[in-house]
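Read off the chains here:
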Amino acid sequence: MEMDFERCYRAVDSRDQRFDGWFYTGVTSTGIYCRPSCPATTPKRHNVRFFPSAAAAQGAGLRACRRCRPDAAPGSPQWDVRADVVGRAMRLIADGVVDRDGIPGLAARLGYTERHLHRMLRAEMGAGPLALARAQRAQTARILIETTGLGMAEIAFAAGFGSVRQFNDTVREVYAIAPSELRAARGRHPAPVGAGTITLRLAYRPPLHAQALLDFLSVRALPGVEEVRDGTYHRGLRLPHGAGQVALTPADGHVAATLRLADLRDLAPAVARCRRLLDLDADPVAIDATLGADPAFAPAVAAEPGIRVPRAVDGFELAVRAIIGQQVSVTSARTTLTRLLAARDRVDPGVDGTHGDPTDDSGAQPGGLRGFPSAEEVLGVPDEGFGMPVGRRETVRALARAVAGGELDLASGGDREETVRRLLALPGIGPWTAGYLAMRAFGDPDVLLPTDLAVRRGTAALGLPDTAKTLDAYAERWRPWRSYATIRLWRAA
């Protein structure tokens, strides 16, 4: 979104929550920055500045509004649409790469020098990578202060700060209040279940068709990894510093998330992955406006607004699922995957013979949910554990070797085009599998799967062209939201 003053000011004047996360409103007379939808009195024009990021507003000396909580706004949907270096950098920063590997690690992942990366982010976001990561640390610290009973020193290091002093200074600068006062102002909320448990709200732009997400995930849920129960999605997570579990419950205006983490440094990446899984940063109004303009989709869009693309918390997991799901039903793929998981558990049963050590980074957590096997674990599964044709088994192993060897980056911050090219070079992976991964693992919003059987059934049900060539041509009118059209075609089928 271009920072056009008139357009931004009209959004602020109308308190339009659709623009939350797109930009931030700085009020020079009060020294604060807000969401566009902040309920406070609209500031006068000559007192307003607009910023492309919270970090840019903080760099201008402004503090976060305590009323509208701008740091809790949904992320900008442009980072899904954009596959360029800035878009990839923003996704990687959200996943905590700067906290784990520093600016050199981020630059190396992107293939640019630190200086050039800083220049690009500064030009588009109004802040460099360190300032952007610092803004995220401040938000993580606020969540931990307000929702846990941890000491401030523990929170400082869990949020990614290098020292307690740096933590104190940043919180004071961003929120204009000391960490202890921030906790007192919100009341003390110790973790409801125990150490490492955090509850928070994940904001989204309405509308959200939550039932469609839960339906999709429920049908494909793998025993021991994930389940949908009583309107809540539960799953195990494999995170950079250890294991985790999450329970996600859609509610009015937000998704309630309860995270149980072996290492609290994983809070930011866990939140980023949960948001990505449920596609919470999408702009459903823009998507539905484009698809609803097609008479074939108009009734479905009116009946079910806010359909999202169910994505993934783990690119390797989704790649294995996609390979095993080639030319078989969802039920058959689930049966085969369950057998693979059982074989993994026989190789690595954990300390109790069932669920593993909750502090071990193999992905085990109490409660029976483990993260999906890593590439290394899959390579350790014997032939009989795969339960699939030899060719498909070797494709899974070739994928695992490429990921384990660092030749293939299936994270959301990878280069989409390069990753698809490398995937297609692996034996047994064709355009359908690569496209499916681009849509769900890499977050590309503009993927059509014209050869997919369910897509063709959906097009036939809606009276649309149902051959790959004619559908490809017809679908040009759905750009840049063809991934969302694909989901709607699946539902029509």
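Residues numbered from 1 in each chain as written. Predicted model: local features only at pLDDT ≥ 70, side-chain atom pairs only at ≥ 80, totals over all residues. Heavy atoms only, no water.

*Asks:* I'd like a rundown of the sheet that holds strand 5 (residues 197–203), residues and numbers included.
*Replies:* Read across the open sheet, the five strands follow the order 5-9-8-7-6; overall the sheet is antiparallel. Taken across any chain shown, the strands that pair with only one partner, and hence form the sheet edges, are strand 5 and strand 6 (226–229). Adjacent strand axes in the sheet meet at a mean angle of 25°, parallel and antiparallel pairs treated alike. (Pairing = 2+ DSSP bridges. Helix = DSSP H or I, 4+ residues; strand = E, 2+ residues; numbered from the N terminus. Axes fitted to C-alpha atoms, helices over the stretch in contact; angles between N-to-C directions.)

*Asks:* Lay out helix 21 (residues 453–462) in plain terms, naming residues and giving numbers.
*Replies:* Buried within helix 21 are the following residues: Val455, Gly458 and Thr459. In an axial view of helix 21, the angular spread of the buried residues amounts to 100°, which keeps them on one side of the axis. Within helix 21, the exposed residues directed more than 90 degrees away from the buried face are Leu453, Arg457 and Ala461. Looking at the buried positions of helix 21, the neighbouring elements they touch are helix 22 (468–474) and helix 23 (482–492). Measuring from the backbone nitrogen of Ala454 back to the side-chain oxygen at the start of helix 21 gives 3.0 Å, which picks out Asp452 as the cap. (Buried < 20%, exposed > 50% of the residue type's maximum accessible area, 1.4 Å probe, protein only. Arc of directions from axis to C-beta. Contact = heavy atoms within 4.5 Å. Polar contact = N/O pair within 3.5 Å; in protein donor to acceptor, adjacent residues only side chain to side chain.)

*Asks:* Tell me about the environment of Ile177, and please be specific about residues and values.
*Replies:* In this structure, Ile177 sits in the loop between helix 9 (164–175) and helix 10 (179–186). Considered as a pair, Ile177 and Arg63 are 114 residues apart in the sequence and their alpha carbons are 9.7 Å apart. Filtering out sequence-adjacent residues up to four positions away, Ile177 remains in contact with Arg66, Val171, Arg172 and Leu182.

*Asks:* How would you sum up the nonpolar core? Please name residues and give values.
*Replies:* The biggest cluster of nonpolar side chains holds 114 residues, and the ones touching the most others in it are Leu248, Leu259, Leu399 and Trp478. Looking at this core element by element, the count peaks at seven residues for helix 15 (residues 315–324). Not counting residues within four places of it along the chain, the set of residues in contact with Trp478 comprises Thr290, Leu291, Asp294, Phe297, Leu448, Leu464, Leu471, Ala485 and Leu489. In this structure, Ala55, Trp79, Val98 and Ala127 belong to the second largest nonpolar core, which totals 22 residues. (Core = buried A, V, L, I, M, F, W, Y, C linked by side-chain atoms within 4.5 Å.)

*Asks:* Tell me about the packing of helix 4 (residues 85–94) against helix 7 (residues 129–147), residues and numbers included.
*Replies:* With their axes 10 Å apart at the nearest point, helix 4 and helix 7 run at an angle of 40° to one another. The angle between helix 4 and helix 7 falls in the class oblique. Crossing handedness for the pair helix 4 and helix 7: right-handed. Facing Met90, Ile93 and Ala94 of helix 4, the residues of helix 7 in contact are Pro129, Leu132, Ala133 and Gln136. Grouping the constituent residues of the contact of helix 4 with helix 7 by class yields six nonpolar, one polar and no charged. (Parallel < 35°, antiparallel > 145°, perpendicular 65-115°, else oblique. Left-handed = near helix turned anticlockwise from the far one by under 90°. Nonpolar A, V, L, I, M, F, W, Y, C, P; charged D, E, K, R; others polar.)

*Asks:* Would you mind going over the pattern of salt bridges in detail, with residue names and values included?
*Replies:* Evaluated as defined, the whole model comprises 34 salt bridges. Its salt-bridge partner being Glu227, residue Arg229 comes within 2.2 Å of it at the nearest N-O pair. Residue classification places Arg229 among the partly exposed residues on the basis of a relative accessible area of 39%. Accessibility expressed as a relative area gives 32% for Glu227, which makes it partly exposed. Counted as one network, the salt bridges with shared partners bring together Arg238, Arg344, Asp345, Arg370 and Glu377. (Salt bridge = Lys/Arg side-chain N within 4 Å of Asp/Glu carboxyl O.)

*Asks:* Now, about the sheet that holds strand 1 (residues 24–27): what can you tell me, with residues and values included?
*Replies:* Read from one edge to the other, the open sheet built from four strands follows the order 3-1-2-4, with strand pairing classed as mixed. Both outer strands of the open sheet, strand 3 (48–51) and strand 4 (63–64), are each paired with one neighbouring strand and no more. Judged from the two bridges that link them, strand 2 (residues 32–34) and strand 4 form a sheet pairing that is parallel. The partner of Ile32 across the bridge, within strand 4, is Arg63. Here helix 1 (residues 5–13) sits on the sheet and contacts strand 1 and strand 3; the angle it forms with strand 3, its principal contact strand, is near 100°.

*Asks:* Any details on the packing of aromatic side chains? Residues and values, ideally.
*Replies:* Tallying each qualifying case throughout the model produces twelve aromatic pairs. Summarising the aromatic geometry, the rings of Phe5 and Tyr9 are spaced 5.9 Å apart at their centres and angled 10° between planes, so their arrangement reads as stacked. Taken together, the residues span about one helical turn, with Phe5 and Tyr9 both in helix 1 at a distance of four residues. With a relative accessible area of 10%, Tyr9 lands in the buried category. (Phe/Tyr/Trp six-rings, centres within 6.5 Å; stacked < 30°, edge-to-face > 60°.)

*Asks:* An account of the packing of helix 4 against helix 5 (residues 97–110) is requested, with residue identities and associated values reported.
*Replies:* The contact between helix 4 and helix 5 brings their axes to 10 Å, and the two run at 160°. Classified by the angle between their axes, helix 4 and helix 5 sit roughly antiparallel to one another. The element helix 4 and its partner helix 5 pack so that their crossing is right-handed. Of helix 5, the residues touching helix 4 (which contributes Val85, Arg88, Ala89, Leu92 and Ile93) are Val97, Val98, Leu106, Arg109 and Leu110.

*Asks:* Which residues make up the pairing of strand 7 (residues 232–239), and what values go with them?
*Replies:* Most of strand 7 is tucked away, with seven of its eight residues classed as buried. Of the pairings in the sheet, the one linking strand 6 to strand 7 comprises four bridges and is antiparallel in character. Looking across to strand 7, one finds that Glu227 is bridged to His234. Between the antiparallel neighbours strand 6 and strand 7 lie two residues, among them Asp230 with a positive phi of about 55°. Two strands pair when backbone bridges link them, and strand 7 and strand 8 (residues 242–251) are joined in this way by seven bridges, in the antiparallel orientation. Residue pairing in the sheet places Arg238 in a bridge with Ala243 of strand 8.

*Asks:* Any chance you could break down the side chain of Asp266 for me, citing the residues and the numbers?
*Replies:* Residue placement: Asp266 occurs in the loop between strand 9 (254–261) and helix 12 (267–277). For the buried residue Asp266, which engages in no salt bridge, the nearest side chain bearing the opposite charge is Arg100, 5.6 Å off. At a separation of 3.2 Å, a polar atom in the side chain of Asp266 contacts the main-chain amide nitrogen of Gly242. Excluding residues that lie within four positions of it along the chain, Asp266 makes contacts with Leu239, Pro240, His241, Gly242 and Leu261. (Lys, Arg positive; Asp, Glu negative; His and termini not counted.)

*Asks:* Give a detailed account of unusual backbone geometry, specifying residues and quantitative values.
*Replies:* Residue Pro207 follows Pro206 across a cis peptide bond; omega there is 0°. Residue position: Pro207 is located in the loop between strand 5 and helix 11 (210–219). Following Arg479, the chain continues into Pro480 via a peptide bond in cis, with omega recorded as 0°. Among the secondary structure elements, Pro480 is positioned in the loop between helix 22 and helix 23. One non-glycine residue with positive phi stands out, namely Arg15, at about 50°. Relative to the elements of secondary structure, Arg15 occurs in the loop between helix 1 and strand 1. Arg15 sits in the partly exposed class, given a relative accessible area of 33%. For Asp279, which is not glycine, the phi dihedral falls at a positive 55°. One can find Asp279 in the loop between helix 12 and helix 13 (284–292). The class for Asp279 is buried, based on a relative accessible area of 1%.

Shape is all these values report; function is a separate question.
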